[in-house]
Amino acid sequence: MVSIVNAVRDLGRLRQIYVVLVRHGFGELAQRLGLGGRGKALPNASPGGEGEEVVASEAETQAGEEERRKISLPERVRLVCMDLGPSFVKLGQIGSTRPDVLPPDWIAELKKLQDEVTPLPFDEIKTAVETSLGASLEEIYDSFDEKPLAAASIGQVHRAVLKHAEGPKDVVVKVQRPGVRSTVARDLELLHALAKLIERTIPESQLYQPSALVAQFDRAITSELDFSMEAEHAEKFTRNFAGHPHARFPRVYKEASSKTVLTLELLPGHKVYEAIRAHGHKGPAIAKASVGIIIKSIFEDGFFHADPHPGNILISGEPDHPIIGLIDLGMVGRLSPEMRDKTLNLMVAAVRQDSLAVADALYAVGTPTRKVDMRVYRAEASLLAEKYLGRPLKEIDLAAMISDLAWGATKFGIEIPADFLLVGKALMTMEGVGKEIDPDLDIFNVARPYFFELLRKRYSPERIGMEVWRGIERVSGAAYDMPQHLREVLDDLRLGRLTVRTEDTSLPATMDRLGRRLFAGFVVATFVFAGTWLIASTRHETLGIVLLCFGVVVMIGHVALDVLRRMR
């Protein structure tokens, strides 16, 4: 059995995972992974420890079998994530952003994972803030609400009034839960080991790329655990949208912030549905402004909010001129200029309803991991695209189209970058919210002017001139270095230091085959010579005949094996 506990510090956590799997009908999976079971013993995490039996009760086993019969597989996976706590909930949330890896029914189920948990007692929050900021709560804040605004697996948020040189400031304080770093670190270690073990013991799981999914989760949650990163994100968004009429981001108060405590401006406004229902804001105006913000951040800035769901949006301003406040900026996406151009090509192809161009643009976005039959790929991808693009623009389901295309590309061995999938997730979320508040929203028509303005900038004389200038710089740099490089080559040639190395990929196999033949020939010749000598001596004729026969058998066996190798 491949031992996984070498990568786990706490055997109790492994026992908990095993019991939760059994409780939700995954007992057979736990057995295949060798995590435990009735009559099986797992060694302790510490070297030389005594084995401990990891078993589930009869009631838990029966409950798991009952749940397996009544509840779908994706829903049971969601329940496992919820029972195992913050790290696994976050992993499920990351999984819901991977339409290239998971089927649509899994995506829909994992999206239900909520990060709301029981809030910590205020005394623990107070101690965490004072320890992190190095001062008492009373020295930093005029007031601090003991009741949290929200509680999540990573931290919880409280309202407060900050003491500031400009006067008291209404703020929200995000506090990281004590001990969450060590819990997440332990779970990450376990998840990496589990992903590798699953890929080894369950070959069919490789279609879902467990190791790649865990690696993406590792990067996301590690960044989210450092609140100073979220502060940097807020400042960058503020710079990118300086002077924008519809966007606003919270100010960061660094004097009251650290890696585990984040003090932010309390943005005015109301949640989306409340603003429409009770404060007179209009859904079409909010939807149009939101589309503009997302398009600018993705395709112009290459830095965007990766989780713009309704809970992270606050609406203020006049009903006809809404201001969109975006909060919870821990999860962001980044696109390089090259990837922005490729993603823009995909969106423009969709706006033009050009299915073949959509297939080619998606191929350019991804990275082929094996030889792709382009004729078959383009036929299937364009067929998928036509299923959506053959409708009126306002009826096109952008979320389903991106999900189906990404899933189809994966079948052909085209790996879709994680940042592009975050673009898809952001666009899906935006489209879903937009159509709820404005059923007549035609997202393509709203986005069309932004896309074509970006294309105009791409092919503007200024940008083309910059590209030409960069090309000239690269060519001139190569031309400047060439004489020196050529002189070095000629010097090496003159002094006899120039060597040319070639590699024949078939040479090792040829040498191996030649070595086997020489060895077999030497063995056969030895037996034939010895047998002939013994027969000629007339003293050991029987032994000589045996040796001759053995030599013939070796020769026949070698020839047969050589023929089999060639056939393979």
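Structure shown above.
Residues numbered from 1 in each chain as written. Predicted model: local features only at pLDDT ≥ 70, side-chain atom pairs only at ≥ 80, totals over all residues. Heavy atoms only, no water.

**Student:** Break down the packing of helix 14 (residues 337-351) against helix 19 (residues 443-458) for me, with residues and values.
**Tutor:** The interhelical angle for the contact between helix 14 and helix 19, taken along N-to-C directions, is 135°, at an axis separation of 10 Å. Looking at the two axes, helix 14 sits oblique to helix 19. The two elements helix 14 and helix 19 meet at a crossing, and its hand is left-handed. The segment helix 14 lies against helix 19, with Asp341, Leu344, Asn345, Met347, Val348, Ala350 and Val351 engaging Phe444, Arg448, Phe451, Phe452, Leu454, Leu455 and Arg458. Here the residues of the contact of helix 14 with helix 19 sort into ten nonpolar, one polar and three charged. (Axes fitted to C-alpha atoms, helices over the stretch in contact; angles between N-to-C directions. Helix = DSSP H or I, 4+ residues; strand = E, 2+ residues; numbered from the N terminus. Parallel < 35°, antiparallel > 145°, perpendicular 65-115°, else oblique. Left-handed = near helix turned anticlockwise from the far one by under 90°. Contact = heavy atoms within 4.5 Å. Nonpolar A, V, L, I, M, F, W, Y, C, P; charged D, E, K, R; others polar.)

**Student:** Any chance you could break down the nonpolar core for me, citing the residues and the numbers?
**Tutor:** In terms of nonpolar packing, the biggest core is built from 110 residues, with Ile298, Phe299, Val358, Leu362, Tyr377, Leu427 and Phe451 touching the most fellow members. For Val358, the residues in contact, after removing those within four places along its chain, are Leu346, Ala349, Ala350, Ala385, Leu389 and Leu405. Counting 18 residues, the second-largest nonpolar core is a separate cluster that includes Leu120, Ile125, Ala128 and Ala256. (Core = buried A, V, L, I, M, F, W, Y, C linked by side-chain atoms within 4.5 Å. Buried < 20%, exposed > 50% of the residue type's maximum accessible area, 1.4 Å probe, protein only.)

**Student:** Run through the packing of aromatic side chains, naming residues and quoting values.
**Tutor:** This model, assessed by the stated rule, comprises seven aromatic pairs. Seen from their ring centres, Tyr141 and Phe144 are 5.4 Å apart, and the 70° between their planes marks the pair as edge-to-face. Comparing Tyr141 with Phe144, the two get one shared label, buried. Measuring from centroid to centroid gives 4.6 Å for Phe237 and Phe303, while their planes differ by 45°, and the two rings are tilted. Of this pair, Phe237 sits in helix 11 (residues 227-240) while Phe303 sits in strand 10 (residues 303-305), placing them 66 residues apart in sequence. Like Phe237, the residue Phe303 is buried in the burial classification. Of the aromatic side chains, those joined through ring pairs into one cluster are Phe237, Phe241, Phe249 and Phe303. The positively charged end of Lys174 is found above the aromatic ring belonging to Phe227, 5.2 Å away from the centroid. Over the face of the ring belonging to Phe303 we find Lys236, whose NZ or CZ atom lies 4.6 Å from the ring centre. (Phe/Tyr/Trp six-rings, centres within 6.5 Å; stacked < 30°, edge-to-face > 60°. Lys NZ or Arg CZ within 6 Å of the ring centre and 35° of its normal.)

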